[in-house]
Amino acid sequence: MQIFSRVDDLRAALAGKPEVVFVPTMGNLHEGHISLMTQARQHGRTVVASIFVNRLQFGPGEDFDKYPRTFEADCAKLAAAGVDVLFAPTEADLYPEPQTYQVEPPEIQNWLEGEFRPGHFRGVATVVLKLFNIVQPQTALFGKKDYQQLMVLRNMGRQLALPIRILGGETVRAEDGLALSSRNGYLTPAERAEAPRLARELNRLRDAIRAGNRDYPALERAAMAALDAAGWKADYVAVRQQADLQLPGSPDAPLVVLAAARLGVTRLIDNLEI
Ligand code: PAF
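To start, this report covers the structure provided alongside it. Because the structure is predicted, anything quoted here is derived from the model rather than measured.

**Things to note about the sheet that holds strand E7 (residues 233–241)**
Either a parallel or an antiparallel arrangement is found when strands of a sheet pair, and the pairing is made through backbone hydrogen bonds.
Then step 1. Here we have three strands laid out as an open sheet, ordered E7-E8-E9, and antiparallel in their pairing. With one partner strand each, in any of the chains shown, E7 and strand E9 (266–273) form the two edges of the open sheet. Across the sheet, the mean angle from the axis of one strand to that of its neighbour is 10°, orientation sign disregarded.
Then step 2. As judged from the eight bridges shared by strand E8 (residues 255–263) and E9, these two strands associate in the antiparallel manner. Its bridge partner being in E9, Leu263 is matched across the sheet by Thr266.

**What about the site of the ligand?**
Then step 1. Taken together, Pro24, Thr25, Met26, Asn54, Gln57, Val127, Val128, Phe142 and Gln149 make up the full set of residues near the ligand.
Then step 2. Side-chain polar atom of Gln57 to an oxygen atom of the ligand: 2.6 Å apart, as the coordinates give it.
Then step 3. A distance of 2.7 Å separates an oxygen atom of the ligand from a polar side-chain atom of Gln149.
Then step 4. When residues of the shell around the ligand are traced back to their parent elements, those giving at least two are strand E2 (20–25) and helix H6 (120–135).

**Remarks on the pattern of salt bridges**
Then step 1. All told, the structure shown has 17 salt bridges when counted by the stated rule.
Then step 2. Between Arg45 and Glu19 there is a salt bridge, with the nearest N and O atoms lying 3.7 Å from each other. With a gap of 26 residues between them, Arg45 in the loop between helix H2 (31–42) and strand E3 (46–51) and Glu19 in the loop between helix H1 (7–14) and E2 connect regions that are remote in the sequence.
Then step 3. Overall, the relative accessible area of 54% leaves Arg45 in the exposed class.
Then step 4. Glu273 serves as the salt-bridge partner of Lys144, at 3.1 Å between the closest nitrogen and oxygen. Separated by 129 residues along the polypeptide, Lys144 in the loop between strand E5 (139–143) and helix H7 (147–159) and Glu273 in strand E9 bring together distant segments of the chain.
Then step 5. Accessibility expressed as a relative area gives 15% for Lys144, which makes it buried.
Then step 6. Its relative accessible area of 27% is what places Glu273 among the partly exposed residues.
Then step 7. Linked by salt bridges that have partners in common, Glu113, Lys233, Asp235 and Arg267 make up one network.

**Looking at the nonpolar core**
Then step 1. Within the largest apolar cluster, 31 residues are counted, with the highest numbers of intra-cluster contacts made by Leu10, Leu94, Val128, Phe132, Phe142 and Met156.
Then step 2. For this core, the elements supplying multiple residues, two or more each, are H1, E2, strand E4 (85–87), H6, E5 and H7.
Then step 3. Of the residues forming this core, the biggest block, nine residues, is contributed by H6.
Then step 4. Leaving out residues up to four positions away in the same chain, Phe132 has contacts with Phe22, Pro137, Ala140, Phe142, Leu162, Ile164 and Ile166.

**Re the packing of H6 against H7**
In a packed pair of helices, the relevant descriptors are the angle between the two axes and the axis-to-axis distance.
Then step 1. Orientation of H6 relative to H7, taken along the N-to-C sense of each, is 55°, at an axis distance of 10 Å. With respect to H7, the axis of H6 lies oblique. Pair H6 / H7 crosses with right-handed handedness. Along the contact surface, H6 presents Phe121, Val124, Ala125, Val128 and Leu129, while H7 presents Gln148, Gln149, Val152, Leu153 and Met156.
Then step 2. Taken together, the residues of the contact of H6 with H7 sort by class into eight nonpolar, two polar and no charged.

**Let's talk about the environment of Ile3**
Then step 1. Structurally, the position occupied by Ile3 is in strand E1 (residues 2–4).
Then step 2. Note on Ile3: relative accessible area 43%, which makes it partly exposed.
Then step 3. Between the C-alpha atom of Ile3 and that of Cys75, which follows or precedes it by 72 residues, the distance is 8.8 Å.
Then step 4. Sequence-distant contacts of Ile3, that is, excluding residues within four places in its chain, are made with Phe71, Cys75 and Leu86.

**Section: the environment of Asn28**
Then step 1. Its location among the elements puts Asn28 in the loop between E2 and H2.
Then step 2. Residue class for Asn28 comes out buried when judged on its relative accessible area of 19%.
Then step 3. The contacts of Asn28, once residues within four sequence positions are left out, are His33, Pro68, Thr70, Asp74 and Ser182.

Rules used throughout
- Residues numbered from 1 in each chain as written.
- Predicted model: local features only at pLDDT ≥ 70, side-chain atom pairs only at ≥ 80, totals over all residues.
- Heavy atoms only, no water.
- Pairing = 2+ DSSP bridges.
- Helix = DSSP H or I, 4+ residues; strand = E, 2+ residues; numbered from the N terminus.
- Axes fitted to C-alpha atoms, helices over the stretch in contact; angles between N-to-C directions.
- Near = heavy atom within 4 Å.
- Polar contact = N/O pair within 3.5 Å; in protein donor to acceptor, adjacent residues only side chain to side chain.
- Salt bridge = Lys/Arg side-chain N within 4 Å of Asp/Glu carboxyl O.
- Buried < 20%, exposed > 50% of the residue type's maximum accessible area, 1.4 Å probe, protein only.
- Core = buried A, V, L, I, M, F, W, Y, C linked by side-chain atoms within 4.5 Å.
- Contact = heavy atoms within 4.5 Å.
- Parallel < 35°, antiparallel > 145°, perpendicular 65-115°, else oblique.
- Left-handed = near helix turned anticlockwise from the far one by under 90°.
- Nonpolar A, V, L, I, M, F, W, Y, C, P; charged D, E, K, R; others polar.

Printed below as a string of C-alpha cells:
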C-alpha cells in the first residue's frame, strides 16, 4: 500500500490509474470500514482510502480533540484489506489556508443530526467534495450507519453533476446488535453492556410498523421514553421516508427509522430500513 500525505504526490501517483474507488474515513478503523474496503474492490481496480479527522464537521464542544487517532493500526488493517493507496493529509495539507469556500447543503442539513450538530453537514459536504476533487474517483463508498450523511452526499453529487457513483455499505454490527462505530471506544464497560438497547428499540419500532402500527409519533415517543428510562438522553427517534428523509407521506413509501442518543458522554447514532 502506498501512503501519501501531500495532495500533489497523491495526484501524481493516481494519474492514469484505472477505475478508482474511494472510501473516505476519519480513521480508527473497525469492521464496518473494512467491509467498505472489501466492497470497494468489487467496484473498481484501484482502491483508495483516506484518513482525515475533519475539524470542519465538528462543532464547538464536540469530540474533535479526543477523536481516536490510531494511524499505525489503521494502516495495517488497510494493507491487509488490499487497499492500494492511502491518502492521509495533515490539516496543513488539506486546509493550507482557511476553508472559506464551503458547500452549503439545503434544508436537510438542519434536520435530525443537523438539529443537534449545526454546521456538521456543511463540514462533511465541503471536505468530501474537496477529497473527490483530489482523488477523482469513479466510485465512492460510505457506510449506511451515517444514513443522513449518505443522503446529503448523494444529493450533492447529483445536483452538482459530479461524475462519481456514490454507493452505501450496510451497517456492520457487533453480535449483540450494537452498530460498529469509532465512538463505541468511549463507552465504559457498563455503558458498552447497555449500548445495544439503541438497536433493540429500533428493531422494536420496525416490528411495530411491520405489524401495521402507523402512529409514528407515538412509536417515536415510546422509544425515546424507553431509552431515557434506561439512563440515556435521546436526541431523536424518527420515522422518515427512505427516499428523502421527509415525514412519511404516501402509505407505501419505504421507511427508515433513525435515532441518536447519549449514553454518558458518548453520543451514538443508528438506523434501520423498514
Ligand atoms: O463518515 C465519516 O467518517 C466522515 O464524515 C467522512 C465522510 C470521512 C468525512 O469526513
